[in-house]
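# Examining the three-dimensional arrangement
The residues making up each chain are set out below.
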Amino acid sequence: MSVPASIQKLDQLPPEMLEFTLLKKTGALAPRLGRLSLPRRKSILTPGFIGNTSRGVIPHVSQDNFRKSVELGGVYIALEDFVEKHPQKTPPIFKYEVPEPLRKFIALPEETLLVLGARRNPPIPSPVANTNTQIGLLTSVGFTTISSDYYAAAARKLQPDVVVGLADIPFGQAAVGLKRKDKMSDRTETWLRDLIVKQGTMDDAEKGWSIFAPILPIDRHLQSWYLEHLLDDMVDKIDGVAIYDAYLLHELPEQLHHLPRLSFHAPASPQELLRQISLGMDLFTVPFINDATDAGVALDFNFPAPVKHHASSTRRSLGIDMWSDDHALSVTPLSHNCTCYACTKHHRAFVQHLLGAKEMLGWVLIQLHNHAIICAFFAGVRASIEVGTFDTDVAAFEAYYEPDLPEKTGQGPRVRGYQFKSEAHAKKGKKNPKAFNKFGGEDLVKLKAAHGQQPNKKPATRDVIDDEALLGLVGMEEHGINADAAVQMDKLNLEDDERR
Amino acid sequence: MSSVIPRPIMAPASMPSALRFELLGKCSVTKARAATLHLPHGPVPLPIFMPVATQASLKGLTPAQLEDQGCRLCLNNTYHLYGLLQLPHAPLLTNGRGLKPGQATLDAVGGAHKLQAWPHNILTDSGGFQMVSLLKLAKVTEEGVRFLSPHDGSPMLLTPEHSISLQNSIGSDIIMQLDDVIATTSPDHARMKEAMERSVRWLDRCIQAHKYPDRQNLFCIIQGGLHLDMRRECTAQMVARDTPGIAIGGLSGGEEKDAYCSVVKACTELLPEKKPRYVMGVGYPEDLVVSVALGADMFDCVWPTRTARFGNAITSRGVLNIRNAVYSEDFGPIEKGCRCTCCRPTSEGGLGITRAYIYHVTAKETAGAHLLTMHNVHYQLNLMRLAREAILKDRYPHFVRDFFSKLYDGDQQKYPEWAVTALRGVGVDLHSD
């Protein structure tokens, strides 16, 4: 039964950590090529991007489609999506007693890098102010706070691959005073230390995780204490930096240049992505992918841009509005030469039909496509940096494409509570249009009476409502129906939406 | 009375068929049958549950995901395909003259299979089912169903000829006749008889209008409400017209389950053995299991996919509402041993999704609905697969007893009386061991 000592020792090797190799670097504020690797995970070539998730899933992309149809080396997960029961109850995820509970819970493939942060990206400003020990979060049931200790303990329990340190940033505040900025830097340092201490107390058998240190979106001299301490006694404990303002990259201390840079500075367009890349940013979550998808816009651009044939003054659009009737008879793919699932299996006419019919598959297909477009975009960027034509390619891209993504014309999918900003003094408008707004309340009463249905009594009864059949009934009220006005139609919950 | 229905010119006329019904086994006790139905887009096992992809999409699932759950035959809804594919501003059907912009779209795209990239079989309804819901809003005449355009309120007419023409454009493998559907619970006997007889006359018009009998199978629909005599008369008339398959329609509209079972039994007793029998709109697991025992082969229902969107999971122990907080810390699969994409463990190529995760995403992310929809569709398909295996081994009575025992946790007192009665009628005593 004796196992050779050397083999026993192999098992006791410290867990292998994240490795970042700079493959090409031309200067301090210049695009660079790198490779982020961790044993058992797919390497991520940088500049590159990781998936931006909501409740553990890239919106509209179920886990099987993620495996089959999305090529992503990593995902970003926000802790605030998992702790809605806190502090009244222990959130369920912490009771899942398996190795790597978070990965297992959300059914993330073994080879995908899992990056954990506190807040969604971009975060919705929390009216609950951060304190010296607490950070404000927005969960699906409302605003709450967690302590820095709680965050560190959560990281240890959930065993992600990378943990982004808590940053004290008063999101949504227009002007931040000097004193507040001082506090930002102090708290961020304390919170990062808490995380490092927690990491240090882990025993060898536990799965390790790497720490990305937040770099605040304030001038260097205002976070100089924090940065100084970071360099003095924390730099060997961190494996990357999380950048909240890409345009302050020139102030990043030299000693941190070897570390991978994860951007939390949400770009609004591919042009802004290029600008950040040109300053040396490595890794992104790209929130505009999902914004475009929800707007029904299929991204349609390449990097480098195609060669302009004639000097026309009009620039090409960055995306296609799939709501447009122009596609009703179009059997072409969303983008020419795109090899994504949507483009190889389906065509524009179908996607347009799905959006018009409010079928969820429409957004699924556009989301798969949009991720493929951004994947190809980053591959193009890396090739361009490799051959040294990046600057001219960027200029050509900017000349070829319009600067902004197309406006949304149709309706998106239903917006959930944790997806929009709730403002105390804002007008109470509906976040989602009524599902059947051509019917007045009275018409629905008539309809219901005609069908003898009783909404919301029991789930079983409620299910009897044929919402598909309702679709065809608009504008037919002149035919007499016995109406029972007592039935409260406002409560007709066809989509089972949740209100707080 | 029978003079209202024209006798078929040649009874039984040999109508071309684009399917082959291969009967593989019959239960020696009940009337259950196992068969393979060879359709233009491949064979499907019978008995079968057909999920409803109303608008050419199964509630968020890609065709590949639907395929992964084992589905080879799904439903599309003519009314929705047609209504939604039409260009705006163009009327659906104008005064019976049949301007058909939706058809132009379908023709340009090359039919419903191409539209939704579904390489397997499709069944379309006639558009008549919507008329059940529209009944008080639409008017049925001998010509067809008059109703107002859902787009601009202009008067429209759906005739048997239009319905078939639309389904010809859709290119579905099984097409349904336009029938005069009224709620089975209607007390108006005369109207019921009129509807039954009209459905037969409309079938003749559908047969006449059907352009591609060599590649699309027209099914007749037996009407007659809950009146067994009327059902029997209709069955005889329909059978004489020799369509490739036969449907029993108008049920699943809130009638008593006992009455439902009597109708299905009365019809199947008169139906030829060598043709598929489709009971329209039926979908609860108990209904499927009992209806199979009564001799039915095909079923469809929106319930499994709709209820998934409400967070309900179908399991052999009943329907679980996963939005209930008790599941928030339940780290087991939706159903142990289930082979669907969600429940199958990762070690076997599945996702290993837990009830707790469904609780976490359902009604919050569309992907939550996708996951449960896959599970529910798989459950229904698998239930019919297991029924088929049992029939082939001539163990269907055992299967039925086992099914009810699991569903009611062994408590025979809880068995629904209608199921006990209906099964007793075909030789199965649920209360014996």
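In the annotation of an unreviewed UniProt entry, the entry for chain B reads Queuine tRNA-ribosyltransferase catalytic subunit 1, and the organism field reads Decorospora gaudefroyi. Its UniProt record, at the heading Sequence similarities (unreviewed entry), says of chain B: "Belongs to the queuine tRNA-ribosyltransferase family." Heading Subunit (unreviewed entry) of the UniProt record for chain B holds this comment: "Heterodimer of a catalytic subunit and an accessory subunit."

By the naming in an unreviewed UniProt entry, chain A is Queuine tRNA-ribosyltransferase accessory subunit 2, taken from Decorospora gaudefroyi. We quote the UniProt Subunit (unreviewed entry) comment for chain A here in full: "Heterodimer of a catalytic subunit and an accessory subunit." The heading Sequence similarities (unreviewed entry) in the UniProt record of chain A holds the text "Belongs to the queuine tRNA-ribosyltransferase family. QTRT2 subfamily."

This next bit is on the state of the cysteines. Across all of its chains, the model carries zero disulfides over all chains by this definition. No disulfide involves A:Cys340; its sulfur sits 3.6 Å from the nearest other cysteine sulfur, which is in A:Cys338. Look at A:Cys340 and you get buried, because its relative accessible area is 6%. Looking at B:Cys74, it has no disulfide partner, and the nearest cysteine sulfur is the one in B:Cys71, 5.3 Å off. Take B:Cys74: its relative accessible area is 1%, and that puts it in the buried class.

So, about the UniProt feature "active site" (unreviewed entry) in chain B. Residue and element names in this part refer to chain B. Per the UniProt record, the feature "active site" (unreviewed entry) sits at Asp125 and Asp300. In terms of the greatest pairwise C-alpha distance, the residues named above, spread along 176 residues, form a tight cluster of at most 10.7 Å across. Tracing the backbone shows aspartate 125 in the loop between β6 (121–124) and α5 (129–134). For aspartate 125, a relative accessible area of 7% puts it in the buried group. A distance of 3.3 Å separates the side chain of aspartate 125 from the side chain of asparagine 77, its partner in a polar contact. Here aspartate 300 falls in the buried class, since its relative accessible area comes to 10%. Those residues in contact with aspartate 300 that lie beyond four places of it in its chain are Phe49, Met50, Val52, Leu75, Tyr278, Val279, Met280, Gly281, Val282 and Gly283. For aspartate 300, the side chain forms a polar contact with the side chain of tyrosine 278, separated by 2.8 Å.

A word on the sheet that holds strand β1 (residues 19–25) of chain A. Residue and element names in this part refer to chain A. The strand order β1-β2-β3 describes an open sheet built from three strands, whose pairing is antiparallel. Looking along the sheet, the strands with just one partner apiece sit at the ends: β1 and β3 (44–46). Taken pair by pair, the neighbouring strands of this sheet meet at an average axis angle of 20°, ignoring direction. Sheet topology note: the β1/strand β2 (residues 32–37) ladder contains six bridges and is antiparallel. Pairing of threonine 21 across the sheet is with arginine 35, part of β2. Against the sheet, helix α11 (residues 360–387) touches β1, β2 and β3, its axis set at about 125° to β2.

Residue and element names in this part refer to chain A. As annotated in UniProt, the feature "binding site: Zn(2+)" (unreviewed entry) corresponds to Cys338, Cys340, Cys343 and His369 in the numbering used here. The annotated residues occupy 32 residues of the chain but converge on a single region, no pair of C-alpha atoms lying more than 8.1 Å apart. Tracing the backbone shows cysteine 343 in helix α9 (residues 341–345). In this structure, cysteine 343 is in contact with Pro333, Leu334, Ser335, Cys338 and His369, ignoring residues within four places of it in sequence. Assignment of secondary structure puts histidine 369 in helix α11. When its relative accessible area of 0% is taken as the criterion, histidine 369 is described as buried. Those residues in contact with histidine 369 that lie beyond four places of it in its chain are Ala298, Leu299, Leu334, Ser335, Cys338, Cys340, Ala342 and Cys343. Looking at histidine 369, its side chain comes within polar contact range of the main-chain oxygen of leucine 299, at 2.8 Å.

Another point: the pattern of salt bridges. Residue and element names in this part refer to chain B. As enumerated under the stated definition, the model contains 44 salt bridges over all chains in all. The partner of glutamate 142 in a salt bridge is arginine 201, with the nearest N and O atoms 2.8 Å apart. With glutamate 142 in the loop between β7 (139–140) and β8 (145–148) and arginine 201 in helix α7 (residues 189–209), this residue pair connects regions lying 59 residues apart in the sequence. Taking relative accessible area as the criterion, glutamate 142 reaches 34% and is therefore assigned partly exposed. Glutamate 194 is paired through a salt bridge with arginine 198; the nearest N and O atoms lie 3.1 Å apart. Of this pair, glutamate 194 and arginine 198 are both found in helix α7, four residues apart, which corresponds to roughly one turn of the helix. Judged by relative accessible area, glutamate 194 falls into the partly exposed class, the value being 31%. For arginine 198, a relative accessible area of 6% corresponds to the buried category.

Another point: helix α7 (residues 270–278) of chain A. Residue and element names in this part refer to chain A. All buried positions along α7 are accounted for by Pro270, Gln271, Leu273, Leu274, Gln276 and Ile277. Buried-residue contacts for α7 involve β12 (261–263), β13 (283–285), α8 (287–294), α11 and α12 (390–400). Positioned one or two residues after α7, glycine 280 has a phi angle of 100°, which is positive.

Here the focus is the side chain of A:Asp239. Residue and element names in this part refer to chain A. Along the chain, aspartate 239 falls in the loop between α6 (224–234) and β11 (240–243). With no salt bridge to any partner, buried aspartate 239 finds its closest opposite charge in lysine 237, at an N-O distance of 11 Å. With residues near it in sequence (within four places) discarded, aspartate 239 still touches Met17, Leu18, Ser210, Ile211, Phe212, Leu259 and Pro260.

Another aspect to go through is the sheet that holds strand β9 (residues 155–158) of chain B. All names here are of chain B. Read across the sheet, three strands follow the order β7-β8-β9 without closing on themselves; strand pairing throughout is antiparallel. Each edge of the open sheet carries a strand with a single partner, namely β7 and β9. Relative to β8, β7 is paired through two bridges, and the arrangement is antiparallel. The partner of valine 140 across the bridge, within β8, is valine 145.

Turning to unusual backbone geometry, a few remarks are in order. Residues and elements named next belong to chain A. Residue histidine 86 is joined to proline 87 through a cis peptide bond whose omega torsion reads 0°. Along the chain, proline 87 turns up in the loop between β5 (74–78) and α3 (101–105). Note the cis peptide between phenylalanine 303 and proline 304, where omega equals -5°. Considering the arrangement of structural elements, one finds proline 304 in the loop between β14 (297–299) and β15 (319–321). Phi is positive for arginine 55, close to 55°, though the residue is something other than glycine. You can see arginine 55 is positioned in the loop between β4 (48–52) and α2 (63–69). Looking at arginine 55, the relative accessible area reads 1%, which means it is buried.

What counts and how
- Sequence order as written defines the numbering, with residues in each chain counted from 1.
- Chains and ligands are labelled sequentially in the order written, the chains with letters from A and the ligands with numbers from 1.
- Note on the predicted model: pLDDT of at least 70 is required for a residue's local features to be given, and 80 or more for side-chain atom pairs to be given and counted; whole-chain, interface and lining totals, by contrast, use all residues.
- Note that water and hydrogens are dropped before the side-chain values are worked out from all heavy atoms of the structure.
- UniProt positions are given in the numbering used here, feature names are shortened, and annotations may be inferred rather than shown by experiment.
- Two cysteine sulfur atoms make up a disulfide if the distance between them is within 2.5 Å.
- In this scheme, a residue with accessible area under 20% of its type's maximum is buried, one over 50% is exposed, and one in between is partly exposed, where area comes from a 1.4 Å probe on protein chains only.
- What counts as a helix is a DSSP run of H or I of at least four residues, what counts as a strand is a run of E of at least two, and both are numbered from the N terminus.
- For the purposes of these results, a polar contact is taken to be a pair of N or O atoms within 3.5 Å, where, inside protein, one atom must be able to donate a hydrogen and its partner to accept one; residues adjacent in sequence count only when each atom of the pair is a side-chain atom.
- In what follows, a contact means two residues having at least one pair of non-hydrogen atoms within 4.5 Å.
- By the convention used here, strands pair only if DSSP detects at least 2 bridges between them.
- Here, axes are lines fitted to C-alpha atoms. For helices the fit covers the stretch in contact, and angles between N-to-C directions go from 0 to 180 degrees.
- Criterion for a salt bridge: a side-chain nitrogen of Lys or Arg within 4 Å of a carboxyl oxygen of Asp or Glu.
- Residues counted as positive are Lys and Arg, residues counted as negative are Asp and Glu, and His and the chain ends are not counted.

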